[in-house]
Amino acid sequence: MNIDRLHAKLFFANPVESTTLVPVFHRWIQDKVLPDVQWIDVASYAHVFFGPSVVLIGHQADVRVDSENHAQGLVYAHKRGLSGGLAERLSLVLTKLWRVREQMQQDAPVQIRTDGVELTLADRLLVSNTQETFEKLKTALMEAARSRFDSPSVTRVSVDPRQMLKIELRGR
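Residues numbered from 1 in each chain as written. Predicted model: local features only at pLDDT ≥ 70, side-chain atom pairs only at ≥ 80, totals over all residues. Heavy atoms only, no water.

Q: When you look at the pairing of strand β3 (residues 52-58) in this model, what are you seeing that I'm missing?
A: Consecutive side chains along a regular strand alternate between the two faces of the sheet. A large share of β3 lies buried, amounting to 5 of its 7 residues. Of the pairings in the sheet, the one linking β3 to strand β4 (residues 61-66) comprises 5 bridges and is antiparallel in character. Looking across to β4, one finds that V54 is bridged to V65. Between β3 and β4, which follow one another and run antiparallel, lie 2 residues. (Buried < 20%, exposed > 50% of the residue type's maximum accessible area, 1.4 Å probe, protein only. Helix = DSSP H or I, 4+ residues; strand = E, 2+ residues; numbered from the N terminus. Pairing = 2+ DSSP bridges.)

Next comes the structure, spelled out in structure tokens:
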């Protein structure tokens with residue numbers, strides 16, 4: 001399955017004032033801190049409740065802080081240019097998210113949990129949000145989960161077929 005639009009979210013241990021991250025994201029662009037993406041701009045959506053609050057916009061991916069479902073976290077949203085099978089694509093996105101997390105914790109006073117990650121397969125044309133689709137993808141999801149967690153578990157989070165397929169990966 002050639003899915004390029006994969007989003008992975010780690011959750012903050014404590015609430016973060018997202019507007020304090022705007023200068024951090026600007027510095028990342030100026031200093032080319034994360035060079036594998038062509039970073040373009042930073043946008044603040046602090047006025048949007050329970051959505052993205054700050055977005056680092058890139059050509060291949062975006063990084064954002066969001067509070068969707070009242071859970072504030074750091075999201076790496078890949079948009080284009082992935083290769084390999086689904087498990088490889090998911091593992092690469094998780095690796096990139098962990099790299100962004102490490103950089104964020106170096107550059108800002110934030111603590112980001114690593115006991116679970118929420119994956120969104122953000123292509124409704126290729127991936128329907130059904131139990132049948134989840135079962136078909138489960139092997140690749142478990143393989144990707146093993147790249148980050150010991151004793152991983154994989155759970156379908158969203159059950160509304162009108163929403164994108166969201167998966168929770170958990171482990172130690």
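Here the narrative resumes, following the displayed structure.
Q: How should I be thinking about the pattern of salt bridges in this particular structure?
A: Any two side chains of opposite charge can pair, on the condition that their charged atoms come close. Counted according to the given criterion, the structure contains 13 salt bridges. Measuring nitrogen to oxygen at the nearest pair gives 2.6 Å for the salt bridge that ties K9 to D66. You can see K9 sitting in strand β1 (residues 6-11) and its partner D66 sitting in strand β4, a full 57 residues away along the chain. With respect to class, K9 is no different from D66; both count as buried. When the shortest N-O distance is used, the salt bridge between D115 and R170 registers 3.6 Å. In this pair, D115 is assigned in the loop between α2 (86-107) and β6 (116-121) and R170 in strand β8 (residues 165-170), connecting sequence segments 55 residues apart. Judged by relative accessible area, R170 falls into the partly exposed class, the value being 29%. Taken together, the shared-partner salt bridges connect K9, R64 and D66 into one network. (Salt bridge = Lys/Arg side-chain N within 4 Å of Asp/Glu carboxyl O.)

Q: What exactly am I supposed to notice about the packing of aromatic side chains here?
A: For the structure on display, the rule yields 2 aromatic pairs. Taking 5.3 Å as the distance between ring centres and 55° as the angle between the ring planes, the aromatic pair formed by F25 and W28 counts as tilted. Of the two residues, F25 and W28 are both situated in helix α1 (residues 22-31); the distance of 3 residues between them amounts to about one turn of the helix. In this structure W28 comes out as buried when scored by relative accessible area, which is 0%. (Phe/Tyr/Trp six-rings, centres within 6.5 Å; stacked < 30°, edge-to-face > 60°.)

In short, shape yes, function no, at least from these values alone.
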